[in-house]
Amino acid sequence: MVKHIILWTLKEMDSTEKKAVKTGIKTGLEGLKGKIPGLIDITVQTEGLPSSTADLMLDSTFENADALKNYSVNPAHVAVANEKVRPFTANRACLDFEL
């Protein structure tokens, strides 16, 4: 299995917009579960502790590295990324590793 972890920092916005953006990202990405072959689990954490240096975390698990590669270009994932994630994020850090 392969883990795919992403940390995002959002662009500057007011707290109301930030909450809505976080909800949209969480709903969009978690909604991919069961729709993309090889995606075992996907969770988005939106409420970090005050000590956090990122606004959101994606924690996803795939059957293997090929499944992760296919997820990255899957039209359902690309649509969520282009509509709900990329327009609102300033920074992204990713760590992929085998379990």
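These figures come from a predicted structure and were not determined experimentally.

J.: I'd like to hear about helix H1 (residues 15-30), residue by residue, with values.
T.: With 16 residues, H1 should cover 22 Å at 1.5 Å per step; its first-to-last C-alpha distance of 22 Å lies within 8% of that length. Among all positions of H1, only Val21, Lys22, Gly24, Ile25, Gly28 and Leu29 are buried. One side of H1 holds all its buried residues, which, seen down the axis, span an arc of 165°. Turned more than 90 degrees off the buried face of H1, the exposed positions are Ser15, Thr16, Lys19, Ala20 and Thr27.

J.: Please give an account of the packing of H1 against helix H3 (residues 75-85) that cites residues and values.
T.: For the pair H1 and H3, interaxial distance at closest approach is 10 Å and the crossing angle is 180°. As summarised for this structure, H1 and H3 are arranged roughly antiparallel, according to the angle between their axes. Together, Gly24, Ile25, Gly28 and Leu29 of H1 and His77, Val80, Lys84 and Val85 of H3 make up the contact between the two elements. Its residues assigned to classes, the contact of H1 with H3 comprises 4 nonpolar, 3 polar and 1 charged.

J.: How would you sum up the nonpolar core? Please name residues and give values.
T.: One recurring pattern in soluble globular proteins: nonpolar side chains tend to sit buried together. With 21 residues, the main nonpolar core has Trp8, Ile25, Leu29, Leu32, Leu58 and Tyr71 as its most contacted residues. Those elements that provide at least two residues to this core are strand S1 (2-10), H1, strand S2 (39-45), strand S3 (56-62), helix H2 (65-73) and H3. For this core, the leading source of residues is S1, giving 4 residues. When sequence neighbours within four positions are dropped, the list of residues in contact with tyrosine 71 reads His4, Leu29, Leu32, Ile36, Ile42, Leu58, Phe62 and His77.

J.: Can you explain the packing of H2 against H3? Please cite residues and give values.
T.: Two numbers describe how H2 lies on H3: the axes approach to 5 Å, and their chain directions differ by 55°. Between H2 and H3, the angle is such that the two are oblique. For the pair H2 and H3, contact is made by Tyr71, Ser72 and Val73 and by Pro75, His77 and Val78, respectively. Along the lines of polarity and charge, the residues of the contact of H2 with H3 split into 4 nonpolar, 2 polar and no charged.

Reading the values: rules and limits
- Residues numbered from 1 in each chain as written.
- Predicted model: local features only at pLDDT ≥ 70, side-chain atom pairs only at ≥ 80, totals over all residues.
- Heavy atoms only, no water.
- Helix = DSSP H or I, 4+ residues; strand = E, 2+ residues; numbered from the N terminus.
- Expected span 1.5 Å × (residues − 1).
- Buried < 20%, exposed > 50% of the residue type's maximum accessible area, 1.4 Å probe, protein only.
- Arc of directions from axis to C-beta.
- Axes fitted to C-alpha atoms, helices over the stretch in contact; angles between N-to-C directions.
- Parallel < 35°, antiparallel > 145°, perpendicular 65-115°, else oblique.
- Contact = heavy atoms within 4.5 Å.
- Nonpolar A, V, L, I, M, F, W, Y, C, P; charged D, E, K, R; others polar.
- Core = buried A, V, L, I, M, F, W, Y, C linked by side-chain atoms within 4.5 Å.

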